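The primary structure of each chain is shown beneath.
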Amino acid sequence: MAFVVSSGELATTGAGVTAGYAAMSLRAAPWEYETIWRTQPQVRTVISFLARNIAQLGVHVYRRVSDTDRERLTQHPLAQLLNSPLLGMTTYRFIERLVSDVALYDNWYGIKLNLNGTLRILPVPPTLIRPYGGNWIRPEKYETAGGRDFGVDEVIHIHGYSPTDLTYGESPIESLRDLLLESAEAAKQRSQMWKSGARLTGVLVRPADAPEWGTKDKARFREMWRSFTDGGGAEGGTPILEDGMTYDKVGFNPEQAQYIEARKLTREEVSAAYFIPPPLIGILDHATYSNIKEQHAHLYQDTLGPWTVMIQQEFAAQVLPDLPDPEDVYCEFNIAEKMRGSFEEQAAAASTAAGGPWMTRNEIRARNNLPRVEGGDDLIVPMNVTEGGLASPRDTAPEAVDGPPKARGLPRSKASGRPSALGSFASERDALEKTLTAFTERQADGLLAAAGAKADDGLPDLLALWAAGSEDRLAQLQALLAHHGYRLAQIGAWEVLDVHNPEAEGWSADVMLAWILAAAETHAAQHEEAGREAVAQVQEEGGDGWREALQSAAVAWGTAAAARALTASTELRSFGGHDAAGASRLTKKIWRTGGTNPRASHKAQDGEQVALDDVFSNGLRWPGDSGGETKELVNCKCTLDYAKED
């Protein structure tokens, strides 16, 4: 099929374009975007976020056998090419550079190389290559900075949209240029302020009736004033004015200039240009813990999804035709692995789909690096599946129609909707304290016994004995803290729901699990490290009294367990209430100081009100907030109230 490319009659089809003339855009030089990437942290953060998240997905190659079947290809030339695009270059680095170039320049170039009969791809920075000549549909060739020209068939050129032609992409950075320039100028102004001893621009006013200064007096005062600027020796000091002089500030102060807000705005604008939700790149002002799963799905569906489809199709169009056996072959990013949900969700879905248990004991033990056991290869099928007539081992007897749904592992009370098995905050807090303290004491006793068994030759290697059980301790600690944490968070949530949202509309306990598991991991690591430091101190001090010192360290670790349980309980209760308040559309929170002897900072802020997503004057989001300073957290007994704006 033939077609005609014309810059004459066809050009008149565009509104406002005269016959025989099509206006060409004046594009920015590629090195301008390179400079922006090097100097603008917001741009680098967003582009690196895209590139790293796509590069870590991995690319698989398949052959389409039928509409309902496909075959994974690991030895196909395309799979081998993507696995090793160039000698010494990994798939991760190849995809990272590709995405970064397209995100920054809206163009990516790769030169096809034939090395020993094998196709390889050399990525070329867009600053070193450009399309030349031709027409608006296809360039004549590609020029490189080294002076060598490459034919169109020798270059892979992936680019985005341009309103003027089909051969080049227009960088999204161009639309952000003014905003980024404003941010850069603000940074320069701040730099100059610090060079001036942290003083803002101003003028010195000398009274009209002040005695006249001579040349030496002016020079003396000028040198004194300069000593307070950068390099003068008195930076940050206080100059002494003479003869009734005053200093009048000129320009904005930091609060008026809103430096922090401006920096946040810049990052938000850059993230919007690349369609990235702000919470995913660290802007948490409006983030809630209730939408963690939704944000994760949004990332891989709406943010990264279009990128992966674009790259897959470009490989199929520009790379696959140069390889042998291309029939029905295609590549695909392994994005499904990221969308499968948590292990618990996958296990539940697999169990329901299979209609019965789907793994043996030895298979589970192998996943946990445990040895095989006799008889562990038999699949155990519960009686309710084989004889009960139920579709899945996860099924139970039908619930009453008029009863509310059950929370995970906790039956609900019909009267209030609150799980009936939940105790009071005090009882659940005491349960965590008792369990964590008992666990700590057992672990300490085990260490003492192991050290005593190896004490014949003097002081044993206590740190080696500690490290031998560290992995198991951490796993047990995390499970223990997560179990109690889930209950404590629900208690805090229902303290808010019972008042403001008794039907719990828009709230689910399960959405708190991700945060609770992360908090359990953090507390477990901190508690483990506290024990290790105590053991390390005994090891370092040594001496004949090491047994008594180790015993004292064990007692101190047990005391630390009790304190950690109290602090963690306050944090989990506060988090649960905060999560429920957000789901219930409450808009402000009020600090209520508790305890018989509260710290001064907490006593001073009793009754302080802030917006739901803001922090209080002590820097905490809620009592026990682990993101705050330790001195503000330990043994805190404060609480929060919530309300809506009037």
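All of the points below concern the structure found in this document. What you see as residue numbers is a count from 1 along each chain, following the sequence as written. Whole-chain, interface and lining totals are the exception, using all residues; otherwise, since this is a predicted model, local features are given only for residues with pLDDT of at least 70 and side-chain atom pairs are given and counted only at 80 or more. Excluded from the side-chain calculations are hydrogens and water; all other atoms, namely the structure's heavy atoms, are used.

### A word on the overall build of the protein chain
Put simply, the rule is: Going along the chain from the N terminus, every DSSP run of H or I of four or more residues is numbered as a helix, and every run of E of two or more is numbered as a strand. Only protein chains enter the accessibility calculation, which uses a 1.4 Å probe; a residue is then buried when its area is under 20% of its type maximum, exposed when over 50%, and partly exposed in between. Pairs of residues are marked as contacts when any of their non-hydrogen atoms sit within 4.5 Å. Note on areas: Shrake-Rupley with a 1.4 Å probe; residue coverage comes only from the protein chains shown.
When its secondary structure is counted, the protein chain shows 19 helices and 14 strands. Looking at the protein chain as a whole, 36% of its 646 residues are labelled buried. Put simply, of all contacts in the protein chain between residues at least 6 apart along the chain, 66% involve residues at least 24 apart. For the protein chain, the accessible area works out to roughly 36,500 Å², and carbon and sulfur atoms hold 53% of it.

### Quick word on empty space enclosed by the protein
Unoccupied space between atoms shows up once a probe the size of one water molecule is rolled over them. Basically, it comes down to this: Method remark: on a 1 Å grid restricted to protein atoms, a set of points is classed as a cavity if a 1.4 Å probe fits but cannot get out and as a pocket if it is open with protein on both sides within 12 Å along at least five of seven lines; lining residues have an atom within 4 Å of a point. Grid points are joined across faces, edges and corners, and a volume is the space filled by probe spheres set on the points. Under the scheme applied here, ten amino acids are nonpolar (Ala, Val, Leu, Ile, Met, Phe, Trp, Tyr, Cys and Pro), four are charged (Asp, Glu, Lys and Arg), and all others, including Gly, are polar.
Applying the stated criterion across every chain, the model contains 3 cavities of 30 Å³ or more. Taken as a whole, the largest cavity spans an internal volume of roughly 80 Å³. Lining the largest cavity are Ala444, Leu447, Leu448, Trp466, Gly531, Ala534, Val535, Leu550, Ala553, Ala554 and Trp557. The element that contributes the greatest number of residues to the lining of the largest cavity is helix 18 (residues 546-583), accounting for 4 residues. When its residues are assigned to classes, the lining of the largest cavity shows 10 nonpolar, 1 polar and no charged. The space that makes up the second largest cavity amounts to roughly 50 Å³. Around the second largest cavity, the lining residues are Leu432, Leu481, Gly485, Ile516, Ala519, Ala520, His523, Ala568 and Leu572. Broken down by secondary-structure element, the contributors of at least two residues to the lining of the second largest cavity are helix 16 (470-500), helix 17 (513-541) and helix 18. Considering every element that reaches the lining of the second largest cavity, the biggest residue donor is helix 17, with 4 residues. Its residues placed into classes, the lining of the second largest cavity shows 7 nonpolar, 2 polar and no charged.

### Things to note about helix 2 (residues 41-55)
The condition that has to hold: Helix span is expected to be 1.5 Å times the residue number reduced by one.
Look at helix 2: 20 Å from first C-alpha to last across 15 residues, which is about the 21 Å you get at 1.5 Å a residue. Residues of helix 2 that are buried include every one of Gln42, Val43, Val46, Ile47, Phe49, Leu50, Ala51, Asn53, Ile54 and Ala55, and no others.

### What to know about unusual backbone geometry
For Asp325, which is not glycine, the phi dihedral falls at a positive 55 degrees. Tracing the backbone shows Asp325 in the loop between helix 10 (305-318) and strand 11 (329-333). With a relative accessible area of 43%, Asp325 lands in the partly exposed category. Of note, Asp328 is a non-glycine position whose phi angle comes to about 60 degrees, a positive value. For Asp328, the location among the structural elements is in the loop between helix 10 and strand 11. Residue class for Asp328 comes out partly exposed when judged on its relative accessible area of 40%.

### So, the pattern of salt bridges
Here is the rule: The salt bridge criterion pairs a side-chain nitrogen of Lys or Arg with a carboxyl oxygen of Asp or Glu, the two atoms within 4 Å.
What the rule picks out here adds up to 16 salt bridges. With a closest N to O distance of 2.6 Å, Asp325 and Arg63 form a salt bridge. You can see Asp325 sitting in the loop between helix 10 and strand 11 and its partner Arg63 sitting in strand 1 (residues 59-66), a full 262 residues away along the chain. As a salt-bridge pair, Glu332 and Arg70 come within 3.1 Å of each other at their nearest N and O atoms. Linking Glu332 in strand 11 with Arg70 in strand 2 (residues 69-73), this pair joins segments that are 262 residues apart in sequence. For Glu332, a relative accessible area of 27% corresponds to the partly exposed category.

### Things to note about a nonpolar patch on the surface
To be explicit about the condition: To count toward a patch, a residue needs a relative accessible area above 30% and no salt bridge. Like charges then connect within 9 Å, nonpolar side chains (Val, Leu, Ile, Met, Phe, Trp, Tyr) within 5 Å.
A cluster of nonpolar side chains, Trp136, Ile137 and Leu166, forms an exposed patch at the surface whose accessible area comes to about 290 Å². Residue class for Trp136 comes out partly exposed when judged on its relative accessible area of 44%.

### Description of helix 1 (residues 30-39)
Under the convention used in this document: Within this analysis, the arc is defined by the directions that extend from the helix axis to the C-beta atoms.
Turning to helix 1, its buried residues are Pro30, Tyr33 and Ile36. What you see down the axis of helix 1 is that its buried residues fit within an arc of 120 degrees, all on one side. Looking at helix 1, the residues exposed on the side facing more than 90 degrees away from the buried face are Trp31 and Arg38.

### Considering the sheet that holds strand 8 (residues 155-159)
What counts is decided by this rule: Two strands pair under a simple rule: DSSP has to find at least two bridges between them. Structural elements are reduced to axes, namely lines fitted to C-alpha atoms, with helices fitted over the stretch in contact, and the angle between N-to-C directions of any two is expressed from 0 to 180 degrees.
Sheet architecture is open: 3 strands sit in the order 4-3-8, paired in antiparallel fashion. Strands with a single pairing partner mark the edges of an open sheet, and in this sheet they are strand 4 (118-124) and strand 8. Averaged over all pairs of adjacent strands, the angle between their axes in this sheet comes to 25 degrees, without regard to strand direction. Direction of pairing for strand 3 (residues 107-115) relative to strand 4: antiparallel, over a ladder of 7 bridges. Looking at the pairing, Asn114 lines up with Leu119 of strand 4.

### Notes on the packing of aromatic side chains
Stated formally: Side-chain rings of Phe, Tyr and Trp (the six-membered ring for Trp) are treated as a pair once their centres are within 6.5 Å; stacked means planes under 30 degrees apart, edge-to-face means over 60, and tilted covers the remaining angles.
Tallied over the entire structure, the rule returns 12 aromatic pairs. Here Tyr109 and Tyr142 contribute two aromatic rings whose centre-to-centre distance is 6.0 Å and whose plane-to-plane angle is 70 degrees, an arrangement assigned as edge-to-face. Here Tyr109 is found in strand 3, whereas its partner Tyr142 is found in strand 6 (residues 141-144), with 33 residues between them in sequence. In this pair, the class of Tyr109 matches that of Tyr142, namely buried. With centroids separated by 5.9 Å and ring planes inclined at 80 degrees, the aromatic side chains of Trp494 and Trp507 adopt a geometry described as edge-to-face. You can see Trp494 sitting in helix 16 and its partner Trp507 sitting in the loop between helix 16 and helix 17, a full 13 residues away along the chain. In terms of burial, Trp494 and Trp507 fall into one category: buried.

### Quick word on the pairing of strand 3
Relative to strand 8, strand 3 is paired through 5 bridges, and the arrangement is antiparallel. Residue pairing for strand 8: Asn107 is matched across the bridge by His159. Hairpin connection of strand 3 to strand 4: 2 residues between the antiparallel strands, including Asn116 at a positive phi of 55 degrees.

### Considerations on the nonpolar core
Our working definition: Throughout, nonpolar core names a set of buried Ala, Val, Leu, Ile, Met, Phe, Trp, Tyr and Cys residues whose side chains join them through atoms within 4.5 Å.
Judged by nonpolar contacts, the single largest core of 49 residues is most densely connected at Leu78, Tyr274, Phe315 and Val319. If sequence neighbours within four positions are ignored, Leu78 has contacts with Val61, Val319, Leu320, Leu323, Val329 and Cys331. Among the nonpolar cores identified, the runner-up in size contains 45 residues, and Leu422, Leu497, Ala509 and Ala561 belong to it.

### As for the environment of Ile276
Of note, Ile276 is situated in the loop between helix 8 (259-273) and helix 9 (292-303). Ile276 sits in the buried class, given a relative accessible area of 3%. As a C-alpha pair, Ile276 and Val46 span 230 residues in sequence and 8.1 Å in three-dimensional space.

### Re the packing of helix 2 against helix 4 (residues 91-105)
Applied cut-off: Note on convention: the crossing is left-handed when the near helix lies turned anticlockwise from the far helix by less than a right angle, right-handed when the turn is clockwise.
Remark: helix 2 packs on helix 4, axes separated minimally by 8 Å, with the N-to-C direction vectors making an angle of 145 degrees. With respect to the hand of their crossing, helix 2 and helix 4 are arranged in right-handed fashion. Two secondary-structure elements touch here, helix 2 through Ile47, Leu50, Ala51, Arg52, Ile54 and Ala55 and helix 4 through Tyr92, Ile95, Glu96, Val99, Ser100, Ala103 and Leu104.

### Overview of the environment of Leu497
Its location among the elements puts Leu497 in helix 16. With 86 residues separating them along the chain, Leu497 and Ala583 place their C-alpha atoms 9.4 Å apart. In this structure, Leu497 is in contact with Pro502, Ala504, Trp507, Ala580 and Ser584, ignoring residues within four places of it in sequence.

The analysis is restricted to geometry; functional conclusions fall outside its scope.
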